[in-house]
Amino acid sequence: MRDDAGVYKLNDNLAIVESVDMIAAIVDEPYSFGMIAAANGLSDIYAMGGKPITAMNIVGFPSESMDISVLSRILQGALSKLDEAGVILVGGHSVRNDEVKFGLSVTGTIHPEHIITKGGAQVGDKLIITKPVGTGILTTALKAEMLPSPVTDKLVEQMSFLNNKACQAMLKIGVHACTDVTGFALIGHAAEIAESSMVAIEIDSKKVPIIPESLQFANMGLIPEGMYANWEFRNSSVKAVGIDEDTMSVLYDPQTSGGLLICVAPEKSDALLSHLHELGVHQAREIGQVIEFSDSHVIIL
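Reading the values: the criteria
- Residues numbered from 1 in each chain as written.
- Predicted model: local features only at pLDDT ≥ 70, side-chain atom pairs only at ≥ 80, totals over all residues.
- Heavy atoms only, no water.
- Helix = DSSP H or I, 4+ residues; strand = E, 2+ residues; numbered from the N terminus.
- Rg over C-alpha atoms; globule rule 2.2 N^0.38 Å.
- Buried < 20%, exposed > 50% of the residue type's maximum accessible area, 1.4 Å probe, protein only.
- Areas by Shrake-Rupley, 256 points an atom, 1.4 Å probe, with all protein chains shown as cover.
- Lys, Arg positive; Asp, Glu negative; His and termini not counted.
- Charge placed at Lys NZ, Arg CZ, Asp CG, Glu CD.
- Axes fitted to C-alpha atoms, helices over the stretch in contact; angles between N-to-C directions.
- Parallel < 35°, antiparallel > 145°, perpendicular 65-115°, else oblique.
- Left-handed = near helix turned anticlockwise from the far one by under 90°.
- Contact = heavy atoms within 4.5 Å.
- Nonpolar A, V, L, I, M, F, W, Y, C, P; charged D, E, K, R; others polar.
- Pairing = 2+ DSSP bridges.

*Asks:* Residue-level account of the overall build of the protein chain, with values.
*Replies:* In terms of helices and strands, the protein chain carries 11 helices and 11 strands. Taken over the C-alpha trace, the protein chain has a radius of gyration of 19 Å; the compact-globule value for 301 residues is 19 Å, and the two agree within 12%. Within the span of the protein chain, comprising 301 residues, buried residues form 54% of the whole. Of the roughly 13,300 Å² of accessible surface on the protein chain, 51% is carried by carbon and sulfur atoms. Once the 20 positive and 37 negative side-chain charges of the protein chain are each reduced to a mean point, those two points are 6 Å apart.

Rendered as structure tokens:
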């Protein structure tokens, strides 16, 4: 929607955390749950180069079976991230529900000449991702009570890390396309860019930042159901050359509050990575390139 000042208003229409497994897994840590849900809800705005302005809480809560203090901690965790992002909480809605569900309806602004979409990738662009992948597998391990505490801490830290600095960097340098990596996994979101831009994306699996423990748990068979759905849906448009099954599982793994996937002109790639690292987005990596489409939208090497 566009206002009279020529500024488009973005609304992510209730960005509830994608992974139900993640909800069940970390509900015992409600403050962390709130932070992650808020970071996830803000991400769509950042992926378009927008500035989030306001947010509304959307809550489903089993008030008859769970102490209200749990909800209080969830809201406190979310508010900490909204404060960090400079976003104003303007209210919310709540319903009784058998499971804890929490998300945010986020509204932001962007100038129409500065909108970054999925459809602008150009042949020759470099592909950059700003967070490691593998969170869906790790949250499955967490639900199974098999994830060591240090790994859990690392997982929560990554999923609650805002994409605001990544957005700031790509706005300063200038990029062609972007999306955030969430429930459709790295492969699925790369395919969205490729289809929207009428190109293909080539990903070097050895360059993709992967949380190491996710490969170990994938090998053990601790795979979220969403991974199989992603694999089945995208398999026909993906060509994988000599990639082992565990790595493919991680590349198809649904992410919660993942990083940004950015297509940038090759002459700007080093500058973007440098600026990302300067701003504290230390795990950003170049993982591939945009090529002409032939028979597959995503090629994994």
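Alright, that's what it looks like, and here's the rest.
*Asks:* Give a description of the packing of helix α2 (residues 30–47) against helix α3 (residues 68–85) that names residues and reports values.
*Replies:* When two helices pack together, their arrangement is given by the angle between the helix axes and by the axis-to-axis distance. At a minimum axis separation of 7 Å, α2 and α3 run at an interaxial angle of 40°. The pairing of α2 with α3 is recorded here as oblique in orientation. Here α2 and α3 pass one another in a crossing that is right-handed. Seen from α2, the contacting residues are P30, Y31, F33, G34, M35, A38, L42 and Y46; seen from α3, they are V70, R73, I74, Q76, G77, A78, S80, K81, L82 and A85. Here the contact of α2 with α3 is built from residues that sort into 12 nonpolar, four polar and two charged.

*Asks:* Please give an account of the pairing of strand β6 (residues 177–180) that cites residues and values.
*Replies:* The side-chain alternation of β6 yields two buried faces, one formed by A177 and T179 and the other by C178 and D180. Pairing between β6 and strand β9 (residues 260–264): four bridges, direction antiparallel. Across the sheet, T179 pairs through a bridge with L261, a residue of β9.

*Asks:* Tell me about the pairing of β9, residues and numbers included.
*Replies:* Along β9, five of the five residues are buried, which leaves the element largely enclosed by surrounding structure. Side-chain alternation along β9 places L260, I262 and V264 on one buried face and L261 and C263 on a second face that is also buried. In this sheet, β9 lies alongside strand β5 (residues 126–129) in antiparallel orientation, the contact comprising four bridges. The residue of β9 that forms the bridge with I129 is L261.

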